[in-house]
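Chains, contacts and geometry: an overview
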Amino acid sequence: MINDLWYKNSVIYCLSVASYMDANGDGIGDFQGLMRRLDYLQGLGGTALWLMPFQPSPCRDDGYDVADYYGVNPRYGTLGDFVEFTRGLRTTRDARPHRSRRESHFERASLVSGSKSRSEVEISGLVHLVSQEAKEC
């Protein structure tokens, strides 16, 4: 049984590190900027943060295709910045583990010859579109 049910009575604020606050002037939000605004978030009643992906990623899926779950994208700061940041509020992160590989199981399945069902073609087309839109996230 879980004794610590903190999330049941929390006000969880979801945010993207990249778009929240920029502390170093490069136009991209970072953990230093978030640390400067923790008092503001707590003043809104926030007791926990739910962070969108901030780990290193090739950015084929808006950052959800994480390359290193133990790292921090250098644009957002260092692992030390993240550790210091997490001392302010409870923190959780958004994750989609099935998107962590360069080629997802959907994409590999679409390469199997002879399979042409409608769902496989739609999945193949969607994965193709996502993989073609490699961009900075």
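Anyway, here's the lowdown on the structure attached to this text. Not measured: the values here are computed from a predicted model. Per chain, residue numbering runs from 1 following the sequence as it is written. Per-residue local features are limited, in this predicted model, to residues with pLDDT of at least 70; the limit for side-chain atom pairs, both in listing and counting, is 80 or more; totals at the level of whole chains, interfaces and linings are taken over all residues. Hydrogen atoms and water are omitted, and side-chain values are computed over all heavy atoms in the structure.

All right, on to the overall build of the protein chain then. Tallying secondary structure elements over the protein chain gives six helices and three strands in all. Helix and strand definitions follow DSSP, with helices as H or I runs of at least four residues and strands as E runs of at least two, each counted in order from the N terminus. In the protein chain, the order of α-helices and β-strands from amino to carboxyl end is β-α-α-α-β-α-β-α-α. Each of the 137 residues in the protein chain was classed as buried or not, and the buried ones make up 28%. Every residue pair with non-hydrogen atoms within 4.5 Å of one another is taken to be in contact. A separation threshold of at least 6 residues defines the contact pool for the protein chain, and within that pool the share at least 24 residues apart is 59%. The cut-offs for exposure are 20% and 50% of the maximum accessible area for each residue type, with area from a 1.4 Å probe on protein chains only; residues under the lower value are buried, those over the upper are exposed, and the others partly exposed.

Taken together, the side chains of Leu5, Tyr7, Ile12 and Trp50 present a nonpolar region at the surface, about 360 Å² in accessible area. In this fold, Ile12 is placed in strand 1 (residues 12–15). Grouping into patches uses exposed residues only, defined as over 30% relative accessible area, and leaves out salt-bridged ones; the cut-off is 9 Å for like charges and 5 Å for nonpolar side chains (Val, Leu, Ile, Met, Phe, Trp, Tyr). Method for areas: the Shrake-Rupley scheme with a 1.4 Å probe, in which residue coverage is limited to the protein chains shown. Just to be clear on terms, a salt bridge is a Lys or Arg side-chain nitrogen sitting within 4 Å of an Asp or Glu carboxyl oxygen.

Take the side chain of Gln55 next. Relative to the helices and strands, Gln55 resides in the loop between strand 2 (48–51) and helix 4 (79–85). Excluding anything up to four places from it in sequence, Gln55 contacts Val66, Asp68, Tyr69, Gly71, Val72, Asn73 and Arg93.

Right, let's get into the environment of Tyr20. Examined against the element boundaries, Tyr20 turns out to sit in helix 1 (residues 17–20). Put simply, Tyr20 and Phe31 are 11 residues apart on the chain and 9.3 Å apart in space, counted from C-alpha to C-alpha.

A word on the packing of aromatic side chains. Ring geometry is summarised as follows: Phe, Tyr and Trp rings, the Trp one being its six-membered ring, pair when their centres sit within 6.5 Å, and such pairs are stacked at plane angles under 30 degrees, edge-to-face over 60 and tilted between the two. Taken as a whole and judged by the stated rule, the model has five aromatic pairs. Three or more aromatic residues joined by ring pairs form one cluster here, namely Phe31, Phe54, Phe82 and Phe85.

Moving on: the nonpolar core. Phe31, Leu51, Phe54 and Phe85 are the most contacted members of the largest nonpolar core, which totals 16 residues. Those elements that provide at least two residues to this core are helix 2 (31–36), helix 3 (38–43), strand 2 and helix 4. If you tally residues by element for this core, the top one is helix 2, at three residues. If near-sequence neighbours (up to four positions away) are discounted, Phe54 is found in contact with Val17, Phe31, Gly71, Val72, Asn73, Tyr76, Phe82 and Arg93. For this analysis, a nonpolar core means a set of buried residues of the types Ala, Val, Leu, Ile, Met, Phe, Trp, Tyr and Cys, connected via side-chain atoms within 4.5 Å.

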